[in-house]
Protein chains: 2
Amino acid sequence: MGTGFDVVIVRYDEIALKSQYVRNRYERTLINNLRMLLDKSGARYTGITRERGRIFVHTMDERVIGLVPRVFGVVSVSPALTTSSRLVDVSGLAARLASAFIGDGESFAIRSRRAGSHSFTSRDVAVQCGDAILEEMRERGVYVDLTSPDHEIHVEVREGSAYLYTKIVQGTGGLPLGTQGKMIALLSGGIDSPVAAWLMMKRGCRIVFLHCNNQPFSDENTRGRSMECIKALEAWSPIGLKVYEAPNGGNLKAFLDCCEEKLACVLCKRMMYRIAIEIMKKEGAHGIVTGASLGQVASQTSQNLMAEAYRLNYPIYHPLIGLDKKEIIRIAEWIGTYTPSIGPGVCCTAVPDHPATRARINEVLRAEEKVGIEELLQQTLDRTRVVKP
Amino acid sequence: MGTGFDVVIVRYDEIALKSQYVRNRYERTLINNLRMLLDKSGARYTGITRERGRIFVHTMDERVIGLVPRVFGVVSVSPALTTSSRLVDVSGLAARLASAFIGDGESFAIRSRRAGSHSFTSRDVAVQCGDAILEEMRERGVYVDLTSPDHEIHVEVREGSAYLYTKIVQGTGGLPLGTQGKMIALLSGGIDSPVAAWLMMKRGCRIVFLHCNNQPFSDENTRGRSMECIKALEAWSPIGLKVYEAPNGGNLKAFLDCCEEKLACVLCKRMMYRIAIEIMKKEGAHGIVTGASLGQVASQTSQNLMAEAYRLNYPIYHPLIGLDKKEIIRIAEWIGTYTPSIGPGVCCTAVPDHPATRARINEVLRAEEKVGIEELLQQTLDRTRVVKP
């Protein structure tokens, strides 16, 4: 837009369905998140205001247009020029805007909306702006085409102001981060778990991460991949992300030493859940998030998932459960976690050649009793630390 | 394709990642599902064969091209013409095919692949087919453009046969229905729950439905909407779908009569889960599927979801948990459940004006004890029936 912009219009819609009370809370959270993300990124703006289902970021900084669509809850964004709601001002600005970006012989349409009380209709706005543009550009062969124009100029008149824009940038959608409860997300260092955490962040959940470090059955690279993924996810969060690291290699060794080898993966997952549940209670969180997707690998069977969750009492969310690997990779690429998640690293070497695909609940419970699961858990919790990603 | 087709090539890819044993089982299931769906729809075909990561449906029936992409596990589909792998036959067919659908002055490219042992390379195939087309159409201004051609002709030479096609139809993806475990899906009659069930079907799960009938707090229309949604989902299933119906109105009345009104929704959901768990055991299923999505309505808070699932021991899957309403509606429209799910019908009138958004687990457990939850469950199960959708 050759003539620049002085405001960025922010649209959100799922919030608009809520009751007035909830809506107010959601909007305030959204504005806070916008402010924190812009501040964190050093983008310049003079203020953020809210009016009738729209948020306005007052800015002339190009970076804002790139940053705001990433904020969860934002449906779309338009950099706009502001003027008063007087028709002569609106049509004058429309003409200046048009002559800067409509080419000779090209067609255009005015898309007008109006909110508030005015002495004119939105159709009047469209007609007067259209006339002003045709007049301004009368020697350049410009014409109106409402059906498939080369360019659209949007004019929104809201109370005493009018906003003109030509671009609608798609936002990420979802709900403002922090409007839903806190969740503990398991992070393995693979492709799937960061995507699962991101989807829950997108739905408004604050996420606390838990990385269970399987060394010596994995290596430092795998740990590094997890931390890089968290850094990538921080670009989506107005605040830094909290990470717990739990040593899990000793537990794996205990399972391999004294249980049937084929049960190792199920026992390991249950241990991770137990650790996560304790962190959940400490953090006042409401559930656990995993990257499990049915049937993607041999051990991700519905029977194993059932044995893994049995009697652990708290909700375990698998937001990828219905997605294909291709769909998961597409999201990972888009959110920036794909590259870090496929770096070098040793996959867990404790995984048996033939892991159980139909783990029996009774066998699993017996194995846990034999290995002394409560004591192992306590030892692990004693050595679980908050770390910097 | 003016010259018709004699085979439909079916591609699948996630299956190709599996071990030989699993892959064989998945491929057999996929072929069975294809066969059942085609038979159910009355489509004509002479056979289905499998070869090196491809399935071939031998048919000249146009309906097959529409049906096969809907089968879960199918990534893409191409109606093709078959000939021998002799280069002269391949290039001859390419020339006939091209002259039927390339217009005067248009460009084309040959995309060739080869599997098996031949005395020529895939490049030889491309060159010879290209030459044959240029020769056949030499007076019509046709030319080769490998970068952005008007038309692409795909040539796959596989052992003794060659397949020529011009069209790649996107399939639904996922895993063949029946390769993963069975799940019990709750079906309310709204937009979300059929989408949740469909996503699990797409990932290979056989689904058994449970409709909890809240009459007199809902009406016959709501029941009807659920059944219409199941019928729509049957179009995606090679076999008919099994449906249980449980009377839940009496339970709701008991909750309203003797518990705090604000807990009604949480108690109701827990009752549905209890019914589903009993059906799960009877059916040998491995989990429950719901249409819950965080924060979509007032009662869908993480705290309520936690209270709803507490101590019920079996996995509850919420495949929509990370999706926005818009995304859910888009899927519903595509799979055919949207229209039936928005028909007339009374939403549950037992929903209190101010349902709890932060249900406390202890309060919920106390209320269940007070109301005599086990006896209510038993009475409900006694009157739960398998019904026809």
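Residues numbered from 1 in each chain as written. Chains lettered and ligands numbered in written order. Predicted model: local features only at pLDDT ≥ 70, side-chain atom pairs only at ≥ 80, totals over all residues. Heavy atoms only, no water.

Enquirer: Please clarify how the relation of the copies chain A and chain B should be interpreted in this entry.
Expert: Relating one copy of the chain to the other takes a rotation about an axis and a shift parallel to that axis. Between chain A and chain B, the superposition needs a rotation of 180° and an axial shift of 0.0 Å, giving an RMSD of 0.0 Å. In the structure described here, the two chain copies are related by an operation that fits a two-fold rotation axis. Most of the interface of chain A is mirrored in chain B, where 98% of its interface residues again form contacts. (Least-squares fit on C-alpha atoms with pLDDT ≥ 70 in both. Contact = heavy atoms within 4.5 Å.)

Enquirer: Help me understand a nonpolar patch on the surface, please; the structure alone is not making it clear to me.
Expert: Residue and element names in this part refer to chain A. Together, Leu 134, Val 144 and Leu 146 give the surface a local cluster of nonpolar side chains, amounting to about 240 Å² of exposed area. Considering the arrangement of structural elements, one finds Val 144 in strand 6 (residues 143–144). The exposure class assigned to Val 144 is partly exposed, which follows from its relative accessible area of 42%. (Patch = residues over 30% accessible without salt bridge, like charges linked within 9 Å, V, L, I, M, F, W, Y side chains within 5 Å. Areas by Shrake-Rupley, 256 points an atom, 1.4 Å probe, with all protein chains shown as cover. Salt bridge = Lys/Arg side-chain N within 4 Å of Asp/Glu carboxyl O. Helix = DSSP H or I, 4+ residues; strand = E, 2+ residues; numbered from the N terminus. Buried < 20%, exposed > 50% of the residue type's maximum accessible area, 1.4 Å probe, protein only.)

Enquirer: So what exactly am I meant to see when it comes to the sheet that holds strand 14 (residues 316–317) of chain B here?
Expert: Reading across the sheet, the six strands line up as 14-13-10-11-12-15 (chain B) and stay open at both edges, with mixed pairing between neighbours. Each end of this open sheet is capped by a strand with a single partner; those strands are strand 14 and strand 15 (385–387) of chain B. (Pairing = 2+ DSSP bridges.)

Enquirer: Would you mind showing me how to read the pattern of salt bridges here?
Expert: Scanning all chains against the criterion turns up 54 salt bridges over all chains. The closest approach of N and O atoms between A:Glu135 and A:Arg138, which form a salt bridge, is 3.0 Å. When its relative accessible area of 48% is taken as the criterion, A:Glu135 is described as partly exposed. Here B:Lys253 makes a salt bridge to B:Asp257, at a shortest N to O gap of 2.9 Å. Linking B:Lys253 with B:Asp257, this pair stays in helix 7 (residues 249–258), spanning four residues, or about one helical turn. Accessibility expressed as a relative area gives 47% for B:Lys253, which makes it partly exposed.

Enquirer: It is not clear to me how the nonpolar core should be interpreted in this structure. Could you clarify?
Expert: The nonpolar side chains of a soluble globular protein tend to be buried with one another. If you look at the biggest cluster of nonpolar residues, it comprises 86 residues, and the most contacted ones within it are A:Leu210 and B:Leu210. Residues contacting B:Leu210, with those up to four places away along its chain left out, are B:Ile184, B:Ala185, B:Leu186, B:Leu187, B:Tyr244, B:Ala246, B:Met272, B:Ile275, B:Ala276 and B:Ile279. (Core = buried A, V, L, I, M, F, W, Y, C linked by side-chain atoms within 4.5 Å.)

Enquirer: Hey, could you run me through the packing of aromatic side chains in this one?
Expert: Where two aromatic rings form a pair, the distance of their centres and the angle of their planes describe that pair. Residues and elements named next belong to chain A. Going through the model one piece at a time under the given rule, you end up with 14 aromatic pairs over all chains. Summarising the aromatic geometry, the rings of Phe 56 and Tyr 163 are spaced 4.6 Å apart at their centres and angled 20° between planes, so their arrangement reads as stacked. Of the two residues, Phe 56 is situated in strand 3 (residues 54–58) and Tyr 163 in strand 8 (residues 161–165); the sequence distance between them amounts to 107 residues. For the pair formed by Phe 56 and Tyr 163, the shared burial category is buried. (Phe/Tyr/Trp six-rings, centres within 6.5 Å; stacked < 30°, edge-to-face > 60°.)

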